[in-house]
Amino acid sequence: MQRLHKRDLQTLFEVLRDEGYAVHGPTVRDGAIVHGPLRSADDLPIGWTDAQGPGQYRLQKDGSSVFDGYVVGPDSPKKQRFPSHETLYVATLRADGKIGFAPNMPSAAEAHVGVRACDLAAMRIQTEVFERGPYVEPRHRSRRERSVVIGVSCTKPGDLCFCASTKTGPRASEGADLVLTEREHDFLVEAITDLGERLVQRLPMNGATEQDAQWLDAAMASAESSMGRELDTEDLPAILFGRLQHPRWAEVADRCLACGSCTSVCPTCFCSTTEDPSSLDAADSSRERLWDSCFTWEHAYIHGGTVRPRVEDRYRQWLTHKVGSWVAQFGTSGCVGCGRCIAWCPVGIDLTEELAALREGEGRAELPERVAPASTVDDDLVPRSCEVIGVTRETHDIVTLDVACSEPFAPGQFSQLSLPGIGEVPISISGARPGIASHTIRAVGATTRALCALSPGTSLGMRGPYGRPWPIDSFVGRPVVVVAGGIGLAPLREAMVRMLARPGDFPHVILLYGTRSPDDAIFTDELDAWERTYSAFEAHHTVDHATPSWKGHIGVVTRLLDEATVPADASAMICGPEIMMRFTVEALGRRGLPDERIWVTLERHMECAVGFCGRCQLGPHFVCKDGPVFSFDQVRMLFGRMGF
Amino acid sequence: MQPTAEDLGALALFATLDVGDRERLAAIAGVLDLPQDTTLFTEGEPSRDLYVVAGGRITLCTSVPGRPETCFLSLRHGELLGWSALLGRPWTATAHVVEPSRVVRFGASELLELCEMDHDIGYTIMRRAFEEIADRLHFTRLQMLDVFGVTR
């Protein structure tokens, strides 16, 4: 440890600039202390303090020469590594009809000055989100690797601080290269990394004594005991997921405006959305990533509606994620005790108060432990241009596109298909031939309608394949019951193709298929051919609404599940509307199939497909990277539950 | 043709009854083989018999003015058909035979009389009928949800 005189702080800025860093840190702007560009030490909020309470934040000038008299403002260094608005790529329609995709990658080296322990913890947490895999966001990694972080240990926590409870402060260390602690005339300086040590070598340091170290320990102990808030973090994930019907959720929803302020100021929230602006002639477009909030109606939107229609659902999603399922996903809570969500909530909802209230009640539900990915792979979210080489109209609103594709995939996986300036959607891969991946698409929104209108020879953007496939090898030797609803047959088709090609392994494949009407069925000729060709295969088709000429089954698909169609030793694969799957699982359970032998594939709003955008969560799971195929015992807790 | 007790044992409605009870039921039942494209009963007509499908497929349809006849449910092996007869009400749907089918027929009055005389048989049959009606209600609800339609 060493000492730096306050008058020499400017030297640190000069050294950082000389090392090639653009310096960012706390500064006063628009009546708040924000994290912005700093030209010199004079831009720091010298002599400013802040008064904070639930729904309250006021800056006050006290006229002192103290650098570190404030707590935290609405900003955090999050926006430097995960900008609130960022171009992911630029797409250009070339003269040859192909689409050119040019990634946008950051190049600047930045210094983050004045980062408190809570925000250092938040930066570590965001690194878990974006870089611990299986997918790695290269923009985040690039910014992190190019940056230097000057941390600050807090000696005067605020009224809303509780980092001592979350064990993320007040002492700054991990994640910083250099840590400063302000005293009356100097800073105590600790070099945490080799880079920090190198910076120290270039500063006019004075040696520190044993008394200085004791002063720091005492200051930290004092800060730890003077936190304005406390939070009991013990067992929070199990408590929250065991109390999903606690009356407190509805009570807080009566006050919550679903404005998303809490998520905007949170230094760990990572949800994002995308937009695809284009030139008027659609020749040039880009994909823009913007911060989003789980409090918006669109956050959990899937065609036709949102899975979280009530404010109660969205508040519960936010809090159960932040301090609950976050642990299962990333091995750490998503709360660092900074108190920003309390100060910037316009109605003053206090997270610590809400969690204390939820603790009063009954019920626990264990979440799975985090399993670290075995390997990692970069994903820059940029599509490759692929040619449509075949189009098959399956029904009045369903089309199969055969897309030139050399990537191998497994049945049950999906691709992200995109059209520049229009959008991107996850589409199941329904079939494969060498060099071709088939995607069966129902026209339900702007992007799917545009995809369904493509003709052979045109191009689209494709990412993937993504997601966990059907585990068909685990079904070997058993009858396999395949239950499909509507276009839900598409992600099951290639799995059946592969099972029927191995009759020795799959002696009996039984398809139970439900559609709205006979005309809404897909792959009908192929299914008829399979029944003629493969003795192992039998198919039963039922419709909810019959046409006058229909002589087959009428009624919902669950009516087809009986002793004749569901052998008790079977494994089952299900894809269709969630409510159909729910009752199918119940019927299969009554036939004696355990949850572990029932596999479902889920649909949630996916923007990125790799776990970065946060939108497709189902409790501890990301449907995109942990699914979309799950065994039912993995998802039973939340499957079909309102608001998840 | 009369069914045997064994025939009735193969139908879920009677599966839990002992042989003696099934023989008493078989004594008041008949087996009908129905050709394809015939009509078993017609909506609005008085009902007298209750049926259990023993094979094939029978579709229930209703007339809606201004629309083609609308078929909303098909019944197959083991399913109850025509419970209006137990309540003495007219048929609420028309039953079309869409595949060559076999049904077990009970005169409603004879069946009700047997159930009155032997409450154990009556309880078993009414409980099974109740289960089936509960299932039908549930399935009807799912059909009404139109889960494959696109919400706009």
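Presented here is an overview of the structure given in this document. Keep in mind it's a predicted model, so treat the numbers as computed, not measured. Throughout this description, residue numbers start from 1 for each chain and increase along the sequence as written. Labels follow written order: the first chain is A, the first ligand is 1, and so on. Thresholds applied to this predicted model are a pLDDT of at least 70 for local features of residues and 80 or more for the giving and counting of side-chain atom pairs; totals over whole chains, interfaces and linings are not thresholded and use all residues. Side-chain calculation: all heavy atoms of the structure are included, whereas hydrogens and water are not.

Remarks on the packing of helix α11 (residues 311–330) of chain A against helix α13 (residues 351–359) of chain A
All names here are of chain A. Only C-alpha atoms enter the line fits that serve as axes; for helices the fit covers just the stretch in contact. Angles between N-to-C directions range over 0 to 180 degrees. Each helix is a run of DSSP H or I of at least 4 residues and each strand a run of E of at least 2, with the numbering of both proceeding from the N terminus. Between α11 and α13, whose axes approach to 12 Å, the crossing angle comes to 90°. One way to sum up the angle between α11 and α13 is to call them roughly perpendicular. Facing Tyr 315, Trp 318, Leu 319 and Val 323 of α11, the residues of α13 in contact are Leu 351, Glu 354, Leu 355 and Leu 358. Convention used here: angles under 35 degrees read as roughly parallel, angles over 145 as roughly antiparallel, angles from 65 to 115 as roughly perpendicular, and any remaining angle as oblique. When checking whether two residues touch, look at their non-hydrogen atoms; a contact exists if any pair is within 4.5 Å.

Observations regarding the nonpolar core
Residues and elements named next belong to chain A. Only buried residues count toward a nonpolar core. Its members are Ala, Val, Leu, Ile, Met, Phe, Trp, Tyr and Cys residues joined through side-chain atoms within 4.5 Å. Here's how the labels work: a residue is buried when its accessible area is under 20% of the maximum for its type, exposed when over 50%, partly exposed in between, all with a 1.4 Å probe on protein chains only. Formed by 70 residues in total, the largest nonpolar core has its most connected members in Ile 574, Val 600 and Leu 602. Considering every element that reaches this core, the biggest residue donor is helix α3 (residues 117–131), with 6 residues. Sequence-distant contacts of Leu 602, defined by excluding residues within four places in its chain, comprise Glu 578, Met 581, Leu 618, Val 623, Pro 628, Phe 630, Val 635 and Phe 639.

Details of the state of the cysteines
A covalent bond between the sulfur atoms of two cysteines is referred to as a disulfide. For the purposes of this analysis, a disulfide is any pair of cysteine sulfur atoms at a distance within 2.5 Å. Under the counting rule described, the total for this entry stands at 1 disulfide over all chains. Bridging Cys 61 of chain B to Cys 71 of chain B, the disulfide has an S-S length of 2.1 Å. One disulfide, between Cys 61 of chain B and Cys 71 of chain B, carries an S-S torsion of 95° and so falls in the right-handed class. Residue Cys 61 of chain B is located in strand β4 (residues 58–62), and its partner Cys 71 of chain B is located in strand β5 (residues 70–75); the two are separated by 10 residues in the primary sequence. The buried category is assigned to Cys 61 of chain B, whose relative accessible area is 0%. Overall, the relative accessible area of 15% leaves Cys 71 of chain B in the buried class. Free of any disulfide, Cys 259 of chain A has its nearest neighbouring cysteine sulfur in Cys 345 of chain A, separated by 6.2 Å. With no disulfide of its own, Cys 271 of chain A lies closest to Cys 294 of chain A among cysteine sulfurs, the gap being 5.6 Å.

Topic: α3 of chain A
All names here are of chain A. Expected helix span is given by 1.5 Å per residue-to-residue step, counting one fewer step than there are residues. When the terminal C-alpha atoms of α3 are compared, their 21 Å separation across 15 residues agrees well with the 21 Å that a helix rising 1.5 Å per residue should span. When you tally the buried positions in α3, you get 14 out of 15 residues, the bulk of the element. Positioned one or two residues after α3, Gly 133 has a phi angle of 90°, which is positive.

Here's the deal with the sheet that holds strand β3 (residues 49–55) of chain B
All names here are of chain B. Pairing is antiparallel across the open sheet formed by 4 strands, whose spatial order is β1-β8-β3-β6. Every other strand in the sheet has two partners, leaving β1 (29–34) and β6 (80–81) as the edge strands with one partner each. The pairing of β3 with strand β8 (residues 101–107) spans 6 bridges and is antiparallel. In the strand pairing of β8, Val 53 is matched with Val 103. At least two DSSP bridges between two strands are needed for those strands to be called paired.

Keep in mind these numbers describe shape, not what the thing actually does.
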